Amino acid sequence: MKPVYITQFLVEEQRAMGESAPDLRLLIEVVTRACKRISIAIGKGALGGVLGEAGTGNVQGEAQKKLDVLSNDILMEANEWGGHLAALASEEMEHPQPIPEQYPQGGYLLLFDPLDGSSNIDVNISVGTIFSVLRAPEGTDIAHAEKAFLQPGVKQVAAGYTVYGPSTILVLTIGTGVHQFTLDREIGSFVLTQRDLKIPEQTREFSINASNARYWDAPVKRYIDDCLAGKDGPRGQDFNMRWVASMVADVHRILTRGGVFLYPIDSKTREQGGKLRLLYEANPMAFIVEQAGGAASTGHQRILDIQPEKLHQRIPVILGSRLEVETAVRYHGQG
Ligand code: P6P
């Protein structure tokens, strides 16, 4: 069967939507081209001289890996000249970056975590790029660009991630379901390999960093204890556990075979509001998961409904198989 490359997919998907937003198509193509360059840099490993620490820190107070900085630079350079963006924001940069004056401004805002899970890069475990696309409010005043980004997740027009694993896979939604593209390295293009992914509604697999158990609030503790009690416990079935410590890898597994991912707020992260970032981790993943028939909650509210207050705001995250997320939320409701 003739391969469908991402450009053809986008043209046909937008035609079916009765839309032809060429700037959105260009934005997504530019981001996927940047992800190809990141995939090549990662694939070189020690041979590329890009492993290890950069010797700098980011706004999160985290030590940056050389590949964090390189991936961020690749995404910045790729997106500045196209005329499709008004500004962009990254986990690696404290403030939003306006498009340089020599280039035209466009109607979209791009947010990204250029290399999520980068603590895994030096031990050769899958990492990924996460991105989210918003419309720039009319007359976006770049001097106050941060305010333009503070839109609830329901306003996203596109979201995606690229997981750099045994194969490089892009997962994308533009609001018409979730679709998967695999990088054909011989021709350097993303090829449609699965249309309209759906997350199984039920699961027997949870994903959480169990080393934080002593910091968890009571509802999380009860929920995980009941999963661990297995078929003789309240859940009446045995559960498996997986934790890659790379959100993109954990979410991709869940998208593929079901599961529930939890990064709850706990006594260690309460002051910061949680661990994961709302605008460029939780929101894009929540959009993707919901488009695939799953659910995404803080434990108390739908993630996509949250009105952001700060660019690097953190929140608790429970996402994945719809019925299991609803069960975990019920535990929260019981206090
Ligand atoms: P921990 C990676 O740093 C990340 O932001 C997510 O990709 C991942 O799910 C989480 O943090 C891992 O956190 O506490 O297990 O290192």
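Our subject in this report is the structure included herewith.

Reading guide: rules and limits
Residues numbered from 1 in each chain as written. Predicted model: local features only at pLDDT ≥ 70, side-chain atom pairs only at ≥ 80, totals over all residues. Heavy atoms only, no water. Near = heavy atom within 4 Å. Polar contact = N/O pair within 3.5 Å; in protein donor to acceptor, adjacent residues only side chain to side chain. Areas by Shrake-Rupley, 256 points an atom, 1.4 Å probe, with all protein chains shown as cover. Helix = DSSP H or I, 4+ residues; strand = E, 2+ residues; numbered from the N terminus. Salt bridge = Lys/Arg side-chain N within 4 Å of Asp/Glu carboxyl O. Buried < 20%, exposed > 50% of the residue type's maximum accessible area, 1.4 Å probe, protein only.

Neighbouring residues of the ligand: 13 residues in total, closest Asp116, Asn209, Trp243, Met247 and Tyr263. At 3.0 Å, a side-chain N or O of Trp243 approaches an oxygen atom of the ligand. The separation between an oxygen atom of the ligand and a polar side-chain atom of Glu281 is 3.4 Å. For the ligand, whose free accessible area comes to 400 Å², the fraction covered by protein is 82%. Listed by contribution, the elements that provide at least two residues to the shell around the ligand are strand S13 (260-263) and strand S14 (276-277).

Moving on, we come to unusual backbone geometry. In this structure, Asn124 takes a positive phi of about 60° despite not being glycine. Mapping Asn124 onto the fold places it in the loop between strand S5 (108-116) and strand S6 (127-135). Not every positive phi belongs to a glycine, and Ala245 is a case in point at roughly 65°. Positionally, Ala245 belongs in the loop between strand S12 (240-241) and helix H6 (247-257).

Scanning the entire structure with this criterion turns up 19 salt bridges. Here Glu77 makes a salt bridge to Arg37, at a shortest N to O gap of 4.0 Å. A residue pair is termed long-range when its members are at least 10 positions apart, and Glu77 in helix H3 (residues 66-79) and Arg37 in helix H2 (residues 22-44) qualify at 40 residues. Since its relative accessible area comes to 41%, Glu77 is described here as partly exposed. Overall, the relative accessible area of 46% leaves Arg37 in the partly exposed class.

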